[in-house]
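Notes for the structure review
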Amino acid sequence: MQNTVPTIKDVARIANVSITTVSHTINGTRKVSEELRTRVYEAMDVLGYQQNSLARGLRLGETRTIGIIIPDNSNPFFADIARYIENAGFENGYSAILCNSDDLPEKELTYIQVLIEKQVDGIIFITAGKNSRSIERLQKSRIPVVIVDRHFEAASMDEVYVDNYRGAFEATKHLIALGHRRIGLVSGPSVTDTSSSRFAGYRDALSQFGIPFDETMIYAGNFRPESGRQGVRQLMKSSNLPTAIFCLNDMMAVAAINELQKMDLQVPQDVSVIGYDDVGILSELAENLTTVHQPIDQMATIASRMVIERIQNKETTFEKKVEILQPSLIIRSSTGKRRRHEINPVP
Ligand code: RIB
């Protein structure tokens, strides 16, 4: 007997119900009795029936899926925010498709095209950088998009992010209050608003306390651990050594502390170190790290709520919504008073 693919018609015949009842049962589009539901699902099991999600999507005009695009799934910040977003979507009946752009604009663009072709109902987007082609492609798709974490001006997209300028200003002020005047900075990618806003907060805090900005105290990093190591090596060669180093995320700060310890330098006795994020496994592993806490669970929940509202209430006129959340300084033992003793630059 030729193996044929079971159809919804076969399910109806075996369950002894109408095709309409099978469709309402599978799609949850109308309440059916427990007895009918059981007969339908038992018939599907016997037949090995699999619903064609694309055909369903075309028929119902929705796929009940949300696309999530993040820049680096090896970073606990993005891994955790993706998990919170996926949980919130699942609780509201949406599956998630997670895409990792690896900080590559071309890969980001490819995944945007993939999500459009899969007809996701909405997209939650953390950009790898200010890639206008990505925004243009998303706008043309007319799929509801929420920009998260990294501010990026796009008139037709809602946004939720943290006040990065304020977080960095408070972190730098904390170091200044400890007596530090030579404060090194290891940045993230300059194309990201999170790094550029934090950089501005650092620079303005120095200015407010009359500390001259010194270009030699800046290392251009990329939010990945190697930048923390290389940043320390460069800063600790300076003829006028920093007494504190501000890394613009915890991944780089943890690597920076390890590199300082390899140089037989003590944190904070010789050099204070401060990070940014305070999320996931890093906040457990780096329990001594002074850092800036980002409320990522709140950011993720708001982003999911925003995109689902846009999916379910397709308004004719779009009024952009923006929510800006507040960071908080978490003082631990990686920062201390400026050292009184001199140390030698690394060879
Ligand atoms: O750790 C990754 C960094 O990039 C975080 O600070 C987050 O804000 C993201 O933009």
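Residues numbered from 1 in each chain as written. Predicted model: local features only at pLDDT ≥ 70, side-chain atom pairs only at ≥ 80, totals over all residues. Heavy atoms only, no water.

Helix and strand counts for the chain stand at 13 helices and 12 strands. Against the 2.2 N^0.38 benchmark of 20 Å for 347 residues, the chain shows a C-alpha radius of gyration of 26 Å, more extended than a compact globule. When the backbone C-alpha atoms are referred to their principal axes, the chain occupies close to 85 × 40 × 35 Å. Across the 347 residues of the chain, 52% fall into the buried class. Look at the contacts in the chain between residues 6 or more apart in sequence, and 71% of them connect residues 24 or more apart. Accessible surface, the chain as shown: approximately 16,800 Å² in total, 51% of it carbon and sulfur. (Helix = DSSP H or I, 4+ residues; strand = E, 2+ residues; numbered from the N terminus. Rg over C-alpha atoms; globule rule 2.2 N^0.38 Å. Buried < 20%, exposed > 50% of the residue type's maximum accessible area, 1.4 Å probe, protein only. Contact = heavy atoms within 4.5 Å. Areas by Shrake-Rupley, 256 points an atom, 1.4 Å probe, with all protein chains shown as cover.)

This brings us to the packing of helix H8 (residues 164-177) against helix H9 (residues 193-208). Two elements in contact, H8 and H9, have axes separated by 7 Å at closest approach and are oriented at 40°. Judged by the angle between their axes, H8 and H9 are oblique. The way H8 lies across H9 gives a crossing that is right-handed. Packed against H8, whose contacting residues are Asn 164, Tyr 165, Ala 168, Phe 169, Thr 172, Lys 173 and Ile 176, the element H9 presents Thr 194, Ser 197, Arg 198, Ala 200, Gly 201, Tyr 202, Asp 204, Ala 205, Leu 206 and Gln 208 at the interface. Counted by class, the contact of H8 with H9 contains 8 nonpolar, 6 polar and 3 charged residues. (Axes fitted to C-alpha atoms, helices over the stretch in contact; angles between N-to-C directions. Parallel < 35°, antiparallel > 145°, perpendicular 65-115°, else oblique. Left-handed = near helix turned anticlockwise from the far one by under 90°. Nonpolar A, V, L, I, M, F, W, Y, C, P; charged D, E, K, R; others polar.)

It is worth spelling out the sheet that holds strand S1 (residues 65-70) at this point. Adjacent strands of a sheet form backbone hydrogen bonds with each other and so pair up, either parallel or antiparallel. Ordered in space as S2-S1-S3-S4-S5-S11, the 6 strands form an open sheet in which the pairing is parallel. Edge strands, defined here as strands with exactly one partner in the open sheet, are strand S2 (95-100) and strand S11 (322-325). Averaged over all adjacent pairs, the angle separating strand axes in this sheet is 15°, with direction ignored. Of the strand pairs in this sheet, S1 and S2 are connected by 6 bridges, and their pairing is parallel. By the bridge assignment for S2, Ile 66 is matched with Ala 96. (Pairing = 2+ DSSP bridges.)

One can read the domain layout of the chain as domain 1 (8-51), domain 2 (62-163 + 295-326) and domain 3 (164-293). Domain 1 and domain 2 are separated by 34 Å when their C-alpha centres are compared. (Domains from an automatic or database assignment.)

On to the pattern of salt bridges, then. Taken as a whole and assessed by the stated rule, the structure comprises 22 salt bridges. Arg 233 is the salt-bridge partner of Glu 226, the closest N and O atoms lying 3.9 Å from each other. For Glu 226, a relative accessible area of 36% puts it in the partly exposed group. In this structure Arg 233 comes out as partly exposed when scored by relative accessible area, which is 29%. For the salt bridge of Arg 305 with Glu 309, the shortest nitrogen-to-oxygen distance reads 3.7 Å. (Salt bridge = Lys/Arg side-chain N within 4 Å of Asp/Glu carboxyl O.)

Secondary-structure assignment places Val 322 in strand S11. Taking the relative accessible area as the measure of exposure, Val 322 reaches 42% and is therefore partly exposed. Taking the C-alpha atoms as reference points, Val 322 and Met 306, 16 residues apart in sequence, are found 9.7 Å from one another. Excluding residues that lie within four positions of it along the chain, Val 322 makes contacts with Glu 159, Tyr 161 and Met 306.

Right, let's get into unusual backbone geometry. Of the consecutive residues Val 267 and Pro 268, the connecting peptide bond is found in the cis state with omega at 10°. Inspection of the secondary structure puts Pro 268 in the loop between helix H11 (250-262) and strand S9 (272-274). Although it is not a glycine, Arg 142 adopts a positive phi angle of roughly 65°. Its place among the elements puts Arg 142 in the loop between helix H7 (132-141) and strand S4 (145-148).

A pair of packed helices is captured by two measures, namely the crossing angle of their axes and the spacing between those axes. Interaxial distance between helix H1 (residues 8-15) and helix H3 (residues 34-47) falls to 8 Å at its minimum, and their mutual angle equals 120°. Comparing their axes, H3 and H1 come out oblique. For H1 against H3, the interelement crossing comes out right-handed. Taken together, the residues of H3 that come into contact with H1 (itself represented by Asp 10, Val 11, Ile 14 and Ala 15) are Arg 39, Val 40, Ala 43, Met 44 and Leu 47. Partitioning the contact of H1 with H3 into residue classes produces 7 nonpolar, no polar and 2 charged.

Over its 16 residues, H9 extends 22 Å from the first C-alpha to the last, a length consistent with the 22 Å expected when each residue adds 1.5 Å. Those residues of H9 that fall on the buried side of the exposure criterion are Asp 193, Thr 194, Ser 195, Ser 197, Arg 198, Ala 200, Gly 201, Tyr 202, Ala 205 and Leu 206. Tucked into the core, H9 has its buried residues touching H8, strand S6 (183-186), strand S7 (218-219) and strand S8 (244-247). Gly 210, located one to two residues past H9, shows a positive phi value of around 70°. (Expected span 1.5 Å × (residues − 1).)

Turning our eyes to something else, we now look at the packing of aromatic side chains. Across all of its chains, the model carries 4 aromatic pairs by this definition. Connected via pairs of aromatic rings, a cluster forms that spans Phe 199, Tyr 202 and Phe 213. The ring of Tyr 94 carries the charged tip of Arg 64 above its face, separated from the ring centre by 4.4 Å. (Phe/Tyr/Trp six-rings, centres within 6.5 Å; stacked < 30°, edge-to-face > 60°. Lys NZ or Arg CZ within 6 Å of the ring centre and 35° of its normal.)

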